[in-house]
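Report on the structure
As a plain string of letters, each chain reads:
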Amino acid sequence: MGFWEDRVVPRVVDRAGTAPGLTRLRRVACEGLSGRVLEIGFGSGLNVGLYPPEVTSVVAVEPSDVGWALSAQRRASSSVPIERGGLDGQALTEADGSVDSVLSTLTLCTIPDPGRALREIRRVLRPGGTLHFVEHGVAPDDGVRRWQHRLEPWQRRAFGGCHLTRDLPALLVEAGFEATRLRAGYVAGPAVSRPWAYCFTGAAVKTPAGTGARA
């Protein structure tokens, strides 16, 4: 990674991710987490203070050493033990069926192959386990969506491969998940922010083998 992506982007994401509207959505996404949690795109640990008491441990997947360092104070103050476990959401190091919940917040937009990452999440979740998420993506409004497509090449270059137009509900179905709760809408803010502000928030479970998932 270059200097900008390696050293600057994690700090920008850390600052931007504390916006009140995003914190509210993160809190909603964390509702219902329990047991051993795998968090992909752990970043600077912005979710650490939002885990419910039912969470017993967290395995953090974070490729950025700068992001991991930025999370040090939050990890130190956490009552939940947190360990770093792997660097790539597309190739998780956890065993099949070994985690109770998976958390992804504003992460699947940057992973090169989100379908592969979701299939890996499906693999490591135990039967009955849940995927919790808040992800920004393609907007339903034609005008906003046109701007998302115009801005996406610049967005990807400036922010570590971040996409604006991914359709999370469709990706979930293709990977073999069914949403058990799903909210979609714009984070409060000026109209000019809308290309970045349409978010999907909720939870999903694995569908029966062979239903919805692509090999």
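My aim in this report is to walk through the structure given alongside it, one point at a time. (Residues numbered from 1 in each chain as written. Predicted model: local features only at pLDDT ≥ 70, side-chain atom pairs only at ≥ 80, totals over all residues. Heavy atoms only, no water.)

**Things to note about the overall build of the chain**
Quick note on the threshold: Starting at the N terminus, helices and strands are each numbered in turn, a helix being any DSSP run of H or I of at least four residues and a strand any DSSP run of E of at least two. With the radius of gyration taken over C-alpha atoms, the globule rule is written as 2.2 Å times the number of residues to the power 0.38. We call a residue buried when its accessible area falls under 20% of the maximum for its residue type, exposed when it is over 50%, and partly exposed in between, using a 1.4 Å probe and counting protein chains only. Whether two residues touch is decided by their heavy atoms; if any such pair falls within 4.5 Å, the residues are in contact. Calculation of accessible area relied on Shrake-Rupley with a 1.4 Å probe; when residues are assessed, cover is drawn exclusively from the protein chains displayed.
For the chain, the helix and strand inventory stands at eight helices and seven strands. Relative to a compact globule of 215 residues, whose C-alpha radius of gyration would be 17 Å, the chain shows 16 Å and is just as compact. Its C-alpha atoms give the chain principal-axis dimensions of roughly 40 × 40 × 30 Å. For the chain, the residues scored as buried account for 48% of the 215 residues in total. Sequence separation of at least 24 residues holds for 71% of the intrachain contacts in the chain that already meet a minimum separation of 6. As presented, the chain carries roughly 10,200 Å² of accessible surface, and 55% of it is formed by carbon and sulfur atoms.

**A look at helix α5 (residues 114–124)**
Here is the rule we go by: Any pair of N or O atoms that falls within 3.5 Å is considered a polar contact. Within protein, one atom must be able to donate a hydrogen and the other to accept it, and sequence-neighbouring residues count only if both atoms are side-chain atoms.
α5 sits mainly inside the fold: eight of its eleven residues count as buried. Burial in α5 covers these residues: Pro 114, Gly 115, Ala 117, Leu 118, Glu 120, Ile 121, Arg 122 and Val 124. On its buried side, α5 packs onto β1 (35–40), β4 (99–105), β5 (125–136), α7 (168–175), β6 (177–186) and β7 (198–206). Where α5 begins, one side-chain oxygen reaches toward the backbone nitrogen of Gly 115, 3.3 Å away; that side chain belongs to Asp 113.

**Some points on the nonpolar core**
Heads up, the condition is: Throughout this description, the term nonpolar core refers to a set of buried Ala, Val, Leu, Ile, Met, Phe, Trp, Tyr and Cys residues connected via side-chain atoms within 4.5 Å.
Counting residues in each nonpolar core, the largest one holds 26 residues, and the members touching the most others are Leu 38, Ile 40, Val 102, Leu 118, Ile 121, Leu 131 and Phe 177. Elements supplying a minimum of two residues to this core: β1, β2 (55–61), β4, α5, β5, α7 and β7. Sequence-distant contacts of Val 102, defined by excluding residues within four places in its chain, comprise Leu 33, Leu 38, Ile 121, Val 124, Leu 125, Thr 130, Leu 131 and His 132.

**Examining the sheet that holds β7**
Operational definition: Any two strands with at least two DSSP bridges between them are considered paired. The axes are straight lines fitted to the C-alpha atoms, using for helices just the contacting stretch, and the angles between their N-to-C directions are given from 0 to 180°.
With mixed pairing, the seven strands of this open sheet are ordered in space as β3-β2-β1-β4-β5-β7-β6. Lying at the two open borders of the sheet, with one neighbouring strand each, are β3 (82–84) and β6. Direction aside, the axes of adjacent strands within the sheet are offset by 15° on average. Across four bridges, the pairing between β1 and β4 is parallel. By the bridge assignment, Glu 39 is partnered in β4 with Leu 103. In the packing of helix α2 (residues 20–30) onto the sheet, contacts are made with β4, β5, β6 and β7, and the angle to β5 comes to roughly 170°.

**Describing the side chain of Arg 166**
Put simply, the rule reads: Neither His nor the chain ends is counted toward charge; the positive residues are Lys and Arg and the negative residues Asp and Glu. Every case where a carboxyl oxygen of Asp or Glu lies within 4 Å of a side-chain nitrogen of Lys or Arg is listed as a salt bridge.
With respect to the helices, strands and loops of the structure, Arg 166 is situated in the loop between α6 (142–158) and α7. For the buried Arg 166, no salt bridge exists, and the shortest N-O distance to an oppositely charged side chain is 6.6 Å, to Glu 152. Within the local environment of Arg 166, its side chain forms a polar contact with the side chain of His 163, the two groups lying 3.4 Å apart. Those residues in contact with Arg 166 that sit more than four places away from it in its chain are Leu 108, Cys 109, Thr 110, Ile 111, Pro 112, Pro 114, Gly 137, Val 138, Leu 171 and Phe 200.

**Notes on the pairing of β7**
For β7, the buried fraction is high: seven of the nine residues fall into the buried class. Looking at chain direction, β5 and β7 are connected through seven bridges and run antiparallel. What sits directly across from Thr 130, in β7, is Val 205. By the bridge criterion, nine bridges tie β6 to β7 in an arrangement that is antiparallel. When the bridges of β7 are listed, Ala 184 appears paired with Phe 200.

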